[in-house]
Amino acid sequence: MNALVTGLNGTVAPPLARALADGGHTVVGWDRAAVPPDDPEAARAFLDRERPDAVFHLATGSPDWAALVAGLCAEAGTGFLFTSSVSVFAASQRGPHTVDATPAPEDDYGRYKLACEQRVQEAHPGAHVVRIGWQIGSGPGGNQMVDHLERTHDREGRIQASTAWFQACSFLDDTAEALVRVLQALPAGLYHLDGNPGLSFYTIATALNALHGDRWRVEPADAPALDNRLEDPRVPVRPITERLRV
């Protein structure tokens, strides 16, 4: 498979590119300087030249860009996968959230992701839209949980982690492998990808601390009290308990 991946300077796309390459697939990135997202003719020429078998759209960009690429893929009969976010659900919406639950985002990011979902599905009825949770990396750097914990501890000297917060999350490498499986093995549609079988943020933070040399001071907290896990038995993803050893 020749896969075109957007967002290779981000958090999730690099592990996805590695998973694709490890599976014997060719990976092509989207250089926004060479192919501006707001230039339909440049986008069409780029896709015509590369002739990808599938496009994984992970980059942060306007709903117009997502709709443009999805529409071009629909015209060419090319597979298209867009990664959305658990943020389409409000904190007040109690999870685990199924794909049938109605999103009601309360912040700009959630509204942006939901708008992208809708535009993609309108432009490409055969697209895959996959909502993911908070990603867990292998160390500091990137927009992921370990970096958040590291920065919080550096800033505050401790990490207060809620025992009542059940967060949608998965390890980056496991997310990447699951995204490839979704596009290759599952029919078009909306999916949820979550590796948390029911651990609180405190339990996760404590286990990550042990995994990273017990260098943080992790304290239990009562808030926030929410459950924003994602539920979808159709998507096999490695549970975080296997890597955290809990």
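Remember, predicted model here, so these are calculated numbers, not experimental data.

Definitions and limits used
- Residues numbered from 1 in each chain as written.
- Predicted model: local features only at pLDDT ≥ 70, side-chain atom pairs only at ≥ 80, totals over all residues.
- Heavy atoms only, no water.
- Phe/Tyr/Trp six-rings, centres within 6.5 Å; stacked < 30°, edge-to-face > 60°.
- Helix = DSSP H or I, 4+ residues; strand = E, 2+ residues; numbered from the N terminus.
- Buried < 20%, exposed > 50% of the residue type's maximum accessible area, 1.4 Å probe, protein only.
- Axes fitted to C-alpha atoms, helices over the stretch in contact; angles between N-to-C directions.
- Parallel < 35°, antiparallel > 145°, perpendicular 65-115°, else oblique.
- Left-handed = near helix turned anticlockwise from the far one by under 90°.
- Contact = heavy atoms within 4.5 Å.
- Nonpolar A, V, L, I, M, F, W, Y, C, P; charged D, E, K, R; others polar.
- Pairing = 2+ DSSP bridges.
- Salt bridge = Lys/Arg side-chain N within 4 Å of Asp/Glu carboxyl O.
- Expected span 1.5 Å × (residues − 1).
- Polar contact = N/O pair within 3.5 Å; in protein donor to acceptor, adjacent residues only side chain to side chain.

Moving on: the packing of aromatic side chains. Inspection of the entire model under this criterion finds six aromatic pairs. Ring centres 5.1 Å apart and planes at 80 degrees place the aromatic pair Trp30 and Phe46 in the edge-to-face group. Here Trp30, found in the loop between strand S2 (26-29) and helix H2 (40-50), pairs with Phe46, found in helix H2; they are 16 residues apart in sequence, far enough to count as distant. By the burial criterion, Trp30 is buried, and Phe46 matches it. Note on Trp134 and Trp165: the rings are 6.1 Å apart at their centroids and 25 degrees apart in plane angle, and the pair reads as stacked.

Quick look at the packing of H2 against helix H3 (residues 63-76) now. Packed helix pairs are characterised by how far apart their axes lie and by the angle those axes make with each other. Axis separation between H2 and H3 bottoms out at 10 Å; the angle between their running directions is 45 degrees. Comparing the axis directions of H2 and H3 gives the class oblique. For H2 against H3, the interelement crossing comes out right-handed. Residues Pro40, Ala43, Arg44 and Leu47 of H2 form the contact with H3, whose participating residues are Leu68, Leu72 and Glu75. Class assignment for the residues of the contact of H2 with H3 results in five nonpolar, no polar and two charged.

So, on to the sheet that holds strand S3 (residues 54-57). Strand order in this open sheet of six strands is S2-S1-S3-S4-S5-S10, and the pairing throughout is parallel. One side of each edge strand has no neighbouring strand; the edge strands of this open sheet are S2 and strand S10 (189-193). Taking the axes of each pair of neighbouring strands and ignoring which way they run, one obtains an average angle of 20 degrees across the sheet. Each of strand S1 (2-6), S2 and S3 is contacted by helix H1 (residues 13-22), which is oriented at about 170 degrees to S1, the strand it contacts most.

This next bit is on the pairing of S3. Residues in a regular strand project their side chains so that they alternate between the two faces of the sheet. Because side chains alternate across S3, one face comprises the buried residues Ala54 and Phe56, and the other comprises Val55 and His57, equally buried. Bridge analysis of S1 against S3 gives four bridges, and the strand direction is parallel. Paired with Thr6 across the bridge in S3 is His57. With four bridges connecting them, S3 and strand S4 (residues 79-85) associate as parallel partners. Counterpart to Ala54 in the pairing with S4 is Gly79.

Turning our attention to the pattern of salt bridges. Once their charged atoms are close, side chains differing in charge can pair, the charge on each being opposite to the other. Inspection of the entire model under this criterion finds 14 salt bridges. Measuring nitrogen to oxygen at the nearest pair gives 2.8 Å for the salt bridge that ties Asp108 to Arg111. One end of the pair, Asp108, and the other, Arg111, are both in helix H4 (residues 108-123), three residues apart, so they sit about a helical turn from each other. A relative accessible area of 40% means that Arg111 is categorised as partly exposed. Among the salt bridges present, the one from Glu242 reaches Arg238, with a minimum N-O distance of 2.9 Å. The partly exposed category is assigned to Arg238, whose relative accessible area is 33%. Here the salt bridges share partners, and the residues they tie into one network are Arg158, Arg217 and Glu219.

The subject of this paragraph is helix H5 (residues 145-156). The α-helix advances 3.6 residues per turn, and as a result positions three or four apart in sequence lie on the same side. Taking 1.5 Å of rise per residue, the 12 residues of H5 would be expected to cover 16 Å, and the 16 Å separating its terminal C-alpha atoms lies within 8% of that figure. For H5, every residue scored as buried is listed here: Met145, Val146, Asp147, Leu149, Glu150, Thr152 and His153. Contacts made by the buried residues of H5 are with strand S6 (134-136), strand S7 (159-162), strand S9 (169-171) and helix H7 (201-211). Looking at where H5 begins, the residue whose side-chain oxygen comes 2.9 Å from the main-chain nitrogen of Val146 is Gln144.

Our next topic: unusual backbone geometry. Backbone torsion omega between Gly95 and Pro96 reads 0 degrees, so that peptide bond is classified as cis. Each neighbour pair has its own omega, and for Ala223 with Pro224 the value is 0 degrees, a cis peptide bond. Tracing the backbone shows Pro224 in the loop between strand S11 (218-221) and strand S12 (226-227). Positive phi is not limited to glycine here, since Arg51 has a value of about 45 degrees. You can see Arg51 is positioned in the loop between H2 and S3. Classification of Arg51 as exposed rests on a relative accessible area of 66%. For Asp214, which is not glycine, the phi torsion reads 50 degrees and is therefore positive. Its location among the elements puts Asp214 in the loop between H7 and S11.

Take it as geometry only, folks, not as evidence of what the structure does.
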